[in-house]
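Descriptive structure summary
Residue-level listing of the chains:
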Amino acid sequence: MIRSGCSVDVPRKKYIGEKNLYAGGKVGWSSSRFAQKFTSLINKFGSRFGFRNLFDILMYSTVGLVAILCYLNSLTGDFVHDDIVAITRNPDVLGHTSIWRLFFNDFWGKPMADPLSHKSYRPLTVLTFRWNMSLGGFAVEGYHLVNVTLHALVVCLLTYTCRIVLRWNIENSTVVGLLFAVHPVHTEAVANIVGRAELLSAFFFFVSFVSFHRWRSARHESKRILSVLTFGSAFFALLAKEQGITVVAVNLGYHLATLTKQKLEIRYMKERNRLKQVWLDRYTFSLFFGLVALLGFRTLMLHGSLPTFSVQDNPAAFSPSVLTRFLTKTYLVTFNAWLMLCPSNLSYDWQMGSIPLVETIWHRGNLGSVFLFSGMGAIFMCNRKTGKVQEKIVLSVALVILIVPFLPASNLLVTVGFVVAERILYIPRPYSQLVLEGFWQANLISILATGLEPARNLEHFCSFDTSYPFWSPRTRLPGAEHVRLDVNIPHEL
């Protein structure tokens, strides 16, 4: 008998009703039988968690490993910028206050009821910093290790969403996961320790989204557990960062998008009463009241006052001209979109004069704004007119997750304390890719981008290594003469 290129003499014995088994002498290695048993084991237990076959496990392992390898060199990075105030000088992190009191203070350790509070309510993130401090003190490796691990988990959850929720094949799901893992715009969220707020919020964001997907298709005995997990994860996402509350609205948008097929069938039958029953089901009511409850809780934590910002934090919000405010804010949306698509010019702090105000309609940035909003309108129209239900669902989900989590920090609805912040693009970023993938499945450009983005990622990471180099790349950008140097430079000197 010849196996693996070698000739082996093995006595054979056949049993009735069974395949040939080897008895006596040296037993050969039956790779086919082992593969069959391993595959059956994967199919039996892995199907419960969305692992359809061995290649799914390999896919999740690959994207998670790539996400970790991209940021291994961040483990020795020092406390920089907001890390100093939010961690090394925060009484809630240092253990000077009780854990119970931590849930009534803002991200910087001030009481939320204080009129001077920043109103950034992120107790879950602060609690993880406190655990890091109690376990390892000021050793930065522990803080960064948690961040990198969370990033890898988020990448796997995103890939899982593409594979299970959107029902994509392994190749397209892997491409989206790898693009998200290596994209340079995530460097601030992962390599900067305070970026854990984005990571934690994104983790619970995707857990809530996937749980809602399984809730809608689960058996009766599992629905209650999955409903609790859906809203519980949404609440934890809110406690990690304010942006996390948008997952409830995303779940609602996803639910309505998946009803497209039923809605179209009912429209053809002209049954208006039945149409109302499709839209207004128990999931719609649950998500609506859940969103109202979370908004009420977050409003209650403001204690009747809004945060105050200075002109240095957000110059556009303090401009006396309505036209300037409108043109600048729409241009900033375009600027964020460009960072997601082409991260060629990145910075840790886009404040003060780094992005000049758009004061006239003849500014060249307005052309980009017109192109962006016209393109988004065209995508909406194409999504509405398309007859392919699965394509409609993919585009609807991508657009909802691309737009809704970005709105609270876009300067369009409420005033925020920054001009542009790359960290807020952590959740919307992969779904800019999904919008394109909804039209064209993983193509050569996506694969090339996956290979080119790690180089830019490593280059941008250098600005988060230590405190003083952290400021160096910023000084090469336009408007560098207006840079605000109020934290790290004095810390270094």
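Below you will find a few notes about this structure. Every chain is numbered independently, its residues counted from 1 as its sequence is written. For a predicted model such as this one, the threshold for reporting local features is a pLDDT of at least 70, and the threshold for listing and counting side-chain atom pairs is 80 or more; totals across whole chains, interfaces and linings nevertheless cover every residue. Side-chain figures throughout are based on the complete set of non-hydrogen atoms in the structure, without hydrogens or water.

1. A short note on the overall build of the protein chain
Stated formally: Each helix corresponds to a stretch of at least 4 residues labelled H or I by DSSP, and each strand to a stretch of at least 2 residues labelled E; elements are numbered beginning at the N terminus. Relative accessible area decides the class of each residue, using a 1.4 Å probe on protein chains only: under 20% of the type maximum gives buried, over 50% gives exposed, and in between gives partly exposed. Note on contacts: a residue pair qualifies if any of its non-hydrogen atoms lie within 4.5 Å across the two residues. For every accessible area listed, the method is Shrake-Rupley and the probe measures 1.4 Å; residues are considered covered only by the protein chains on display.
Each helix and strand in the protein chain was counted, giving 21 helices and four strands. Among the 493 residues that make up the protein chain, the fraction classed as buried is 49%. Long-range pairs, those at least 24 residues apart, make up 74% of the contacts in the protein chain with a sequence separation of at least 6. About 24,800 Å² of surface is accessible on the protein chain, with carbon and sulfur atoms providing 66% of the total.

2. Brief notes about unusual backbone geometry
Phi angles above zero are rare outside glycine, and Lys-119 is one such case at about 65°. Position of Lys-119 relative to the elements: it lies in the loop between helix H5 (99-102) and helix H6 (123-136). We note that His-303 has phi near 55°; this positive angle belongs to a residue other than glycine. Its location among the elements puts His-303 in the loop between helix H15 (282-300) and helix H16 (322-341).

3. As for a nonpolar patch on the surface
Applicable threshold: Like charges are joined within 9 Å and nonpolar side chains (Val, Leu, Ile, Met, Phe, Trp, Tyr) within 5 Å, but only among residues with over 30% relative accessible area and no salt bridge; these make up the patches. Think of a salt bridge as a Lys or Arg side-chain nitrogen and an Asp or Glu carboxyl oxygen that are within 4 Å of each other.
Together, Leu-280, Phe-285, Phe-288, Phe-289 and Val-292 make up an exposed nonpolar region whose accessible area comes to about 510 Å². Relative to the helices and strands, Phe-285 resides in helix H15.

4. Re the packing of aromatic side chains
Defined as follows: Each Phe, Tyr or Trp ring (for Trp, its six-membered ring) is paired with any other whose centre lies within 6.5 Å, and the angle between the two planes then decides the class: stacked below 30 degrees, edge-to-face above 60, tilted in between. Geometrically, a charge over a ring is one whose NZ (Lys) or CZ (Arg) sits within 6 Å of the ring centre while staying within 35 degrees of the ring normal.
Counting across every chain of the model gives 22 aromatic pairs. The interplanar angle of 75° and the centroid separation of 5.1 Å between the aromatic rings of Phe-107 and Trp-108 together place this pair among those described as edge-to-face. With a centroid separation of 6.1 Å and an interplanar angle of 70°, the aromatic rings of Trp-215 and Phe-231 are classed as edge-to-face. Pair noted here: Trp-215 is in helix H10 (residues 196-217) and Phe-231 is in helix H11 (residues 220-240), with a separation of 16 residues, a long-range link. By the ring-pair criterion, three or more aromatic residues cluster together here, those being Tyr-121, Phe-203, Phe-204, Phe-235, Phe-236 and Phe-297. Stacked on the ring of Phe-107, the Lys or Arg Arg-122 has its end atom at 5.0 Å from the ring centre. The residue whose ring lies beneath Arg-423 is Phe-418, and the NZ or CZ to ring-centre distance is 5.6 Å.

5. Observations concerning the pattern of salt bridges
Tallied over the full model, the rule gives five salt bridges. Glu-242 is the salt-bridge partner of Arg-298, the closest N and O atoms lying 3.3 Å from each other. In this pair, Arg-298 is assigned in helix H15 and Glu-242 in the loop between H11 and helix H12 (246-258), connecting sequence segments 56 residues apart. By relative accessible area, which is 19% here, Glu-242 ends up buried. One network of salt bridges, with partners in common, ties together Arg-122, Glu-242 and Arg-298.

6. Digging into the nonpolar core
Quick reminder of the rule: We call a set of buried residues a nonpolar core when its members are Ala, Val, Leu, Ile, Met, Phe, Trp, Tyr or Cys and they connect through side-chain atoms within 4.5 Å of each other.
Formed by 60 residues in total, the largest nonpolar core has its most connected members in Phe-205, Phe-209, Val-248, Val-397, Ile-401 and Tyr-426. When residues in this core are grouped by element, the largest group, 10 residues, is from H10. In terms of nonpolar packing, the next biggest core, distinct from the first, is built from 27 residues, Val-185, Val-333, Leu-402 and Ile-424 among them.

7. Brief notes about the side chain of Ser-117
As a reminder of what qualifies: Throughout this description, a polar contact denotes any pair of N or O atoms lying within 3.5 Å of each other; where both atoms belong to protein, one of them has to be capable of donating a hydrogen while the other can accept it, and for residues adjacent in sequence the pair is counted only when both atoms sit in side chains.
Of note, Ser-117 is situated in the loop between H5 and H6. Here Ser-117 falls in the buried class, since its relative accessible area comes to 2%. For Ser-117, the side chain forms a polar contact with the main-chain nitrogen of Lys-119, separated by 3.1 Å. The residues touching Ser-117, leaving out its near neighbours within four places in the chain, are Asp-106, Pro-111, Met-112 and Pro-307.

8. Observations regarding the side chain of Ser-173
Its place among the elements puts Ser-173 in helix H8 (residues 170-182). Polar side-chain contacts of Ser-173 include one of 2.9 Å to the backbone oxygen of Asn-169. Every residue in contact with Ser-173, bar those within four places of it in the chain, is listed here: Met-59, Thr-159, Cys-162, Arg-163 and Trp-168.

9. Details of the packing of H6 against helix H7 (residues 140-165)
Worth spelling out the cut-off: Axis lines are fitted to C-alpha atoms, over the contacting stretch for helices. Their N-to-C directions set the angle, which ranges from 0 to 180 degrees. Here the angle decides the label: under 35 degrees means roughly parallel, over 145 means roughly antiparallel, 65 to 115 means roughly perpendicular, and every other value means oblique. Crossings are sorted by hand: turned counterclockwise from the far helix by less than a right angle, the near helix makes the crossing left-handed, and turned clockwise it makes it right-handed. Nonpolar residues are Ala, Val, Leu, Ile, Met, Phe, Trp, Tyr, Cys and Pro. Charged residues are Asp, Glu, Lys and Arg, and all others, Gly as well, are polar.
Two elements in contact, H6 and H7, have axes whose closest approach is 9 Å; the angle formed by their N-to-C orientations is 140°. With respect to H7, the axis of H6 lies oblique. Handedness of the H6/H7 crossing: right-handed. Between H6 and H7, the residues in contact are Phe-129, Asn-132 and Met-133 and Gly-142, Tyr-143 and Val-146, respectively. Partitioning the contact of H6 with H7 into residue classes produces four nonpolar, two polar and no charged.

10. Details of the packing of H11 against H15
Where H11 contacts H15, the axes come no closer than 11 Å and their chain directions differ by 30°. Here H15 runs roughly parallel to H11, going by the angle between their axes. Read as a crossing pair, H11 and H15 show a hand that is right-handed. Residue-level contacts link Lys-223, Phe-231, Ala-234, Phe-235, Leu-238 and Leu-239 of H11 to Arg-282, Tyr-283, Ser-286, Leu-287, Gly-290, Leu-294, Phe-297 and Arg-298 of H15. In the contact of H11 with H15, the residues fall into nine nonpolar, two polar and three charged.

11. Some points on the environment of Pro-428
Tracing the sequence through the fold places Pro-428 in the loop between helix H18 (389-403) and helix H19 (429-439). Considering only alpha carbons, one finds Pro-428 and Val-400, 28 residues apart in sequence, at a separation of 9.2 Å. The contacts of Pro-428, once residues within four sequence positions are left out, are Gln-243, Met-340, Ile-401, Leu-402, Pro-405 and Phe-406.

12. Examining H11
One turn of the α-helix equals 3.6 residues, which is why residues spaced by three or four share an orientation. Test applied: Every helix has an expected span of 1.5 Å times one less than the residues it contains.
Compared with the 30 Å implied by 1.5 Å per residue over 21 residues, the 31 Å span of H11 between its first and last C-alpha is a close match. The complete set of buried residues in H11 reads Lys-223, Leu-226, Ser-227, Thr-230, Ser-233, Ala-234, Ala-237, Leu-238, Leu-239 and Ala-240. Of the surrounding elements, those touching the buried residues of H11 are H6, H10, H12 and H15.

13. Side note on the environment of Leu-346
Here Leu-346 shows up in the loop between H16 and helix H17 (365-385). Leu-346 gets classed as buried once you look at its relative accessible area, which sits at 5%. As a C-alpha pair, Leu-346 and Ala-421 span 75 residues in sequence and 9.9 Å in three-dimensional space.

14. What about H8?
With 13 residues, H8 extends 18 Å from end C-alpha to end C-alpha; this agrees with the ideal 18 Å at 1.5 Å per step. Most of H8 sits inside the fold, with 11 of its 13 residues counted as buried. Structurally, the start of H8 carries an N-cap: the backbone nitrogen of Glu-171 is 3.4 Å from a side-chain oxygen of Asn-169.

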